[in-house]
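One letter stands for each residue in the lines below.
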Amino acid sequence: GNSFLTDGNDNTESFYNENAGRTRIGSQISQDAVQEFQVLSNGFSAEFGRAMGGVVNTVTKSGQNDTHGTGYWFFRNRTLEATDRYAGGVLLPEWRHTAGASVGGAIKKDKIFYFTNFDFTDRNFPALNRIVNNSLSDATGNVVAPSNCIIAAAGPTQAQCTAAINFIQAQMNVLVPRSFKQDIGFAKIDWHLNDRNTVTFDANVMHWRSPHGIQTQAVLTGGAALGNNGNSTVEDRYGKAAWTSVVSSNAVNELRFGWFKDRLSDPGASDLYPSTGPTYITVAGSTVGAAQAYPRTYPSENRFQIVDNYSWTKGAHSFKFGMDFQTTEDWMNQLFNQYGGYSYSNLTNFAKDFSGNGTIQGKNYSTFSQQFGNPIQNIRTTDLNFYAQDTWKLSKKLTFGYGLRYEKTWIPQPTVVNPDYPQTGVI
C-alpha cells in the first residue's frame, strides 16, 4: 500500500515489494548516498499517487564546489554478540564487514558537480537447522525419539523405524553454511547550463548474492534451514535524467525520465537436498524434505517513467500541475511444488512409506499435491496520471490546500476464461 521514490522517481517493486517486505538484502541504496528522507504518511497532495498508505522519497546527495569525501567500515564477529535464544547453547560463528567510500566535488566550479559512492557488504552467517517437535524429537530437540515410531504387525517394522529415524536425525542440529555479498555503486552529475536551466543524471546499481540465504533467521526450529532453503540473488538498477527550467520569475518546470529494474532469482540449493531429492516432505508439521518454491525468478521487473511538473506562483496562490506516465513489465518463472509434496501426520506413517513398503502397508501419507503447467507469466501494467493543485495562503495563520488527481491504469486481462462465466475474462 506504500509508494517508494528515489529523487521523485518510482522504484517500488510493485509485484514483490522489496523495500517494505523482503528483508534479505542489506539495502537498495547506500546509506552514505542519502541526503534525506521525505515521508508523507497521510493527507499528501494531489502530486503524489499510487499509494493507499504513505509515500517515502529518498533524496540523494550532490556535489559542490569544494571536494568532500567519507570512508566507513562496520565489523562484527562472534566475540561481539550474544548466543541466540534457540540455538541450544551454540554460539554461531557470524561475521560481517560493511565498508565503502563517497566523494563529491566540482568538475567545473559553479557549473558541473559530481557525487559518487561505492559500498560493499561481506557477511558469513551460518544457520542452525533444528527440529524441535514433540511428535518427533525428545524434549531437548536433539534426537529423534524412538518412542514416536510405533512398531506394529501391519508395519512399520523395526528396520523401517530405524531408517526413518536416521533420515530425520541426519537433519537435526546441522550448521548450514550461509553467506551474502552485496555491492552497491551510485553516481550523480549536476550540470548548471545557465542561471535558468539545470540537468541532472544519476544511476545506482546493486548486486547481491546469498548462497543458502532464503532463510535469514539464525536458528530455525522447524527444519526450514535445510528443508525450505535455497540460494538467492537480487539485481537492482536505477537511472534518472532530469531537466529543471526556470520559466519566469514565478514559474518553474521540471521534466524527469526514470528507469528502474529489479530481479529476484532464487535457484534451488540442490546441495541441501536429502536422499529423497527435490521432493517436499513434512512429518508432523516439520519439514524434512526439499523446498517447494524454487527455482524461481520472481519477478524480473522493468519500469520506464516520464514525469513533468509545472509550478506557478501568483499572489497568494502556489499552483502546481503535472502528468506522470509509466509502464512496468513483470516477468516471472516459477512452478510452485513442481516436484510434488507429501505430508505425514506422524513418524509412524512416514516410516511405513519411507522404506520397505509392501502392498499391505499401502500409502500412508495424509496428503499429496503437485502442480503442473506453464511456469512463465509476463505481465505489463501501464498508467497515465494528471493532477492540479493549489496552496492558497488566506492569511498569515491560515492556508488552504486543494487539488484534483486522475489516474488511468491499463492492466493485463485473464488469458483463460470460463465460458460459463464470461465476467471472469475482464478486469
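Residues numbered from 1 in each chain as written. Predicted model: local features only at pLDDT ≥ 70, side-chain atom pairs only at ≥ 80, totals over all residues. Heavy atoms only, no water.

A few points about the overall build of the chain
We apply this condition: Numbering of helices and strands runs from the N terminus, with a helix taken as a DSSP run of H or I at least four residues long and a strand as a DSSP run of E at least two residues long. Each radius of gyration reported is based on C-alpha atoms, and the globular scaling rule is 2.2 Å times the count of residues to the power 0.38. Here the term buried applies to any residue with accessible area under 20% of the maximum for its type, exposed to any over 50%, and partly exposed to those in between, with areas from a 1.4 Å probe on protein chains only.
Per the secondary structure count, the chain includes three helices and 22 strands. Over its C-alpha atoms the chain spans a radius of gyration of 28 Å, topping by over 25% the 22 Å that the globule rule assigns to 427 residues. For the chain, the spread of C-alpha atoms along the three principal axes comes to 95 × 65 × 40 Å. In the chain, which comprises 427 residues, the proportion classed as buried is 42%.

Examining the sheet that holds strand E8 (residues 127–129)
Note the cut-off: Here a strand pair is declared whenever DSSP counts at least two bridges between the two strands.
With mixed pairing, the three strands of this open sheet are ordered in space as E9-E8-E12. Only two strands of the sheet have a single partner each, and these edge strands are strand E9 (174–176) and strand E12 (219–220). As defined by bridge partners, E8 adjoins E12 across two bridges and the pair is classed as parallel. Residue Asn129 lies in a different strand from E12, and its bridge partner there is Leu220.

Examining the pattern of salt bridges
Going by this rule: The rule for a salt bridge is simple: a side-chain nitrogen of Lys or Arg has to be within 4 Å of a carboxyl oxygen of Asp or Glu.
Evaluation of the coordinates by the stated rule reveals 17 salt bridges. Between Asp10 and Arg303 there is a salt bridge; the shortest N-O distance is 4.0 Å. Pair noted here: Asp10 is in strand E2 (residues 9–10) and Arg303 is in strand E17 (residues 296–314), with a separation of 293 residues, a long-range link. This pair shows no difference in class: Asp10 is buried, exactly as Arg303 is. For Asp266, the salt bridge is made with Arg296, and the minimal N-O distance between the two is 2.8 Å. One end of the pair, Asp266, is in strand E14 (residues 251–266); the other, Arg296, is in strand E17, with 30 residues separating them in the sequence. Judged by relative accessible area, Asp266 falls into the buried class, the value being 0%. The network of salt bridges with common partners includes Arg76, Glu81, Glu94, Arg96 and Arg123.

Observations concerning the confidence of the model for the chain
The test is simple: Note: pLDDT gives the predictor's confidence per residue, expressed from 0 to 100. The contact rule is simple, with two residues in contact once any of their heavy atoms fall within 4.5 Å.
Taken over all residues, the pLDDT of the chain has a mean of 92, while the share at 70 or more is 97%. Throughout residues 18–22 the model reports pLDDT below 50, and contacts reaching past four residues in sequence, or to other chains, amount to 18 contacts.

Looking at the state of the cysteines
Note the cut-off: When two cysteine sulfur atoms lie within 2.5 Å, the pair is treated as a disulfide.
Taken as a whole and judged by the stated rule, the model has one disulfide. Here Cys149 connects covalently by a disulfide to Cys161, the sulfurs 2.0 Å from one another. Classification of the bridge connecting Cys149 and Cys161 rests on its S-S torsion, roughly -80 degrees, and on that basis the disulfide is left-handed. With Cys149 in the loop between E8 and helix H1 (158–169) and Cys161 in helix H1, the pair connects residues that are 12 residues apart, well separated along the chain.

Points about the sheet that holds strand E16 (residues 286–287)
Strand order in the open sheet formed by four strands is E16-E15-E19-E20, with mixed pairing between adjacent strands. Edge positions in the sheet fall to E16 and strand E20 (367–369), since each of these pairs with one other strand and no more. Where strand E15 (residues 280–283) meets E16, two bridges bridge the pair, whose relative direction is antiparallel. Considered in E16, the bridge of Thr282 is made with Thr287.

A look at the nonpolar core
We apply this condition: Working definition of a nonpolar core: buried Ala, Val, Leu, Ile, Met, Phe, Trp, Tyr and Cys residues. They are joined through side-chain atoms within 4.5 Å.
If you look at the biggest cluster of nonpolar residues, it comprises 17 residues, and the most contacted ones within it are Ile168, Val283, Val288, Leu347 and Phe350. Counting residues per element, the ones that place at least two in this core are H1, E15 and helix H3 (347–354). The leading source of residues in this core is H1, at five residues.

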